[in-house]
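Okay, here's what each chain looks like letter by letter:
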Amino acid sequence: MRPDGTRVKDLPPLVAAIPYIMPKRYDAWNSITENVDEEAVKAYIRHWRREGVRLNHMSVIIAAYYRAVLDNPKLNYFVMNGKIYRRNHFCVSFVILKKRSDGVVNETALKVYLEPSDDIFSIDRKIREVIAANQHEHQSNSTDKFARFMFSVPGLPKFVVWLAYHLDKHGLLPRKIIDLSPFHTSMFITNLASIKTSYIHHHCYEFGTTSVFVCMGKPVPDYMGGDLTRKVMPIGVVMDERICTGYEYAAFYSDFKGYLRDLSQLETPFDGSRPQKEEERTPAGVS
């Protein structure tokens, strides 16, 4: 029994055998480049900005991704110790940069939990709130504090990581540690477009349970589509192939692209519950 997932049983024999044939996540990663219509996303963001609601590219991508995962839940599976698990929540990890007073830029990893009752506005609000709580030099989250303590004792980091890895392997890692770890996540995402850098295919970490890593790159002309007057945002996706088949990923991607083509589908709660009131769409102090 794991605190973050339930083992999937009654799998076809070949599917159950694959984690033993490819025991490491780096054995099993597949990569693909997807192109998002940058013009459509920018137009959508501008529309809501005129209404006084600020959205950004990462919130749009995460919202469309999560909505598609709800339709295709195997994208939220993970593999640990040769077994396939169904994650019992959905969360997204990402890194933000924090500039110190001496000009040195440090990174800190954050994690946001999403719910089926969320929509694109609440997802954006959750992301902005966790960034606001951690973006300044003097602000430290629990993960930063734990890491700082760990590295304050010589020899402790190696032992702690070794212990955590083996406890996790056997489902014994405490929930509090899993909650602290950005490597135990449904999806890790990085926005290299924010620093005007091309996308990469980033590996999925062997430590933890990350099965999908998404990297957003700076927009480029639509060479593939043949219309150089329009731009697309290339996205590098790396996925642990053991969690789903190619057919299932194709179904997920079709839904993902469908939500990006018609972003209005993300404006109501994904589980069909009561839509948010207009005043709930914008975080306090943000316009």
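In this text the structure is predicted, and so the values were computed from the model without any measurement.

Some details on helix H6 (residues 156–169)
When the terminal C-alpha atoms of H6 are compared, their 20 Å separation across 14 residues agrees well with the 20 Å that a helix rising 1.5 Å per residue should span. For H6, the complete set of buried residues consists of Leu156, Pro157, Val160, Ala164 and Asp168. The buried residues of H6 all sit within an arc of 95° when viewed along its axis, so they share a single face.

Side note on unusual backbone geometry
With a phi close to 55°, Asp10 is a non-glycine residue in the positive phi region. Mapped onto the fold, Asp10 is located in the loop between strand E1 (5–7) and helix H1 (13–21). Residue classification places Asp10 among the exposed residues on the basis of a relative accessible area of 82%. In the Ramachandran plot, Asn81 falls in the positive-phi region, its phi being about 55° despite a non-glycine side chain. Relative to the assigned elements, Asn81 resides in the loop between strand E3 (77–80) and strand E4 (83–87).

Overview of the confidence of the model for the chain
Scored by pLDDT, the chain has a mean of 89; 91% of the residues are at 70 or more. Confidence drops under a pLDDT of 50 for residues 283–287, and excluding neighbours within four residues, the segment shows six contacts in the predicted structure.

Structural notes on the pattern of salt bridges
Evaluated as defined, the whole model comprises nine salt bridges. Asp71 is the partner of Arg67 in a salt bridge, and the nearest nitrogen-oxygen pair spans 3.0 Å. You can see Arg67 and its partner Asp71 sitting in helix H3 (residues 57–71), four residues apart, about one turn around the helix. Owing to a relative accessible area of 35%, Asp71 belongs among the partly exposed residues under this scheme. For Arg242, the salt bridge goes to Asp240, with nearest N and O atoms at 2.8 Å. Judged on exposure class, the residue Arg242 and its partner Asp240 are both buried. What emerges from the salt-bridge pattern is a single network uniting Arg2, Asp4 and Asp168.

Quick notes on the packing of aromatic side chains
Applying the stated criterion across every chain, the model contains 17 aromatic pairs. Between Tyr65 and Phe256, the aromatic rings sit 6.4 Å apart at their centres with planes inclined by 75°, giving edge-to-face as the arrangement. Here the residue Tyr65 occupies a position in helix H3, and Phe256 occupies one in helix H8 (residues 246–261), the gap between them amounting to 191 residues. Summarising the burial analysis for this pair, Tyr65 and Phe256 share the class buried. Between Phe188 and Phe213 the ring centres are 5.1 Å apart and the planes differ by 5°, which places this aromatic pair in the stacked class.

Observations concerning the sheet that holds E3
Strand order in this open sheet of three strands is E1-E4-E3, and the pairing throughout is antiparallel. Taken across any chain shown, the strands that pair with only one partner, and hence form the sheet edges, are E1 and E3. For this sheet the average axis-to-axis angle between neighbouring strands, irrespective of direction, equals 40°. Bridge count between E3 and E4: four bridges; the pairing is antiparallel. Bridge pairing in E4 links Met80 to Lys83.

Definitions and cut-offs
- All residue numbers here refer to positions counted from 1 along the written sequence of the relevant chain.
- Totals for whole chains, interfaces and linings use all residues, but because this is a predicted model, local features are given only for residues with pLDDT of at least 70 and pairs of side-chain atoms are given and counted only at 80 or more.
- Hydrogens are left out, water is left out, and the side-chain values use all remaining heavy atoms of the structure.
- To qualify as a helix, a DSSP run of H or I must reach at least 4 residues; to qualify as a strand, a run of E must reach at least 2; elements of each kind are numbered from the N terminus.
- To estimate the expected span of a helix, subtract one from its residue number and multiply by 1.5 Å.
- The classification of residues rests on relative accessible area computed with a 1.4 Å probe and restricted to protein chains. Under 20% of the type maximum is buried, over 50% is exposed, and intermediate values are partly exposed.
- Taking the helix axis as origin, the arc is that swept by the directions to the C-beta atoms.
- pLDDT gives the predictor's per-residue confidence on a scale running from 0 to 100.
- In this analysis, two residues are considered to be in contact whenever any of their non-hydrogen atoms come within 4.5 Å of each other.
- Here, a salt bridge means any side-chain nitrogen of Lys or Arg that lies within 4 Å of a carboxyl oxygen of Asp or Glu.
- Within 6.5 Å between ring centres, the rings of Phe, Tyr and Trp (the latter by its six-membered ring) count as paired, and their orientation is classed by plane angle as stacked under 30 degrees, edge-to-face over 60, tilted in between.
- Here, a strand pair is defined by DSSP locating no fewer than two bridges between the strands.
- Every axis corresponds to a line fitted to the C-alpha atoms, with the helix fit spanning only the stretch in contact, and the corresponding angles, defined between N-to-C directions, vary from 0 to 180 degrees.

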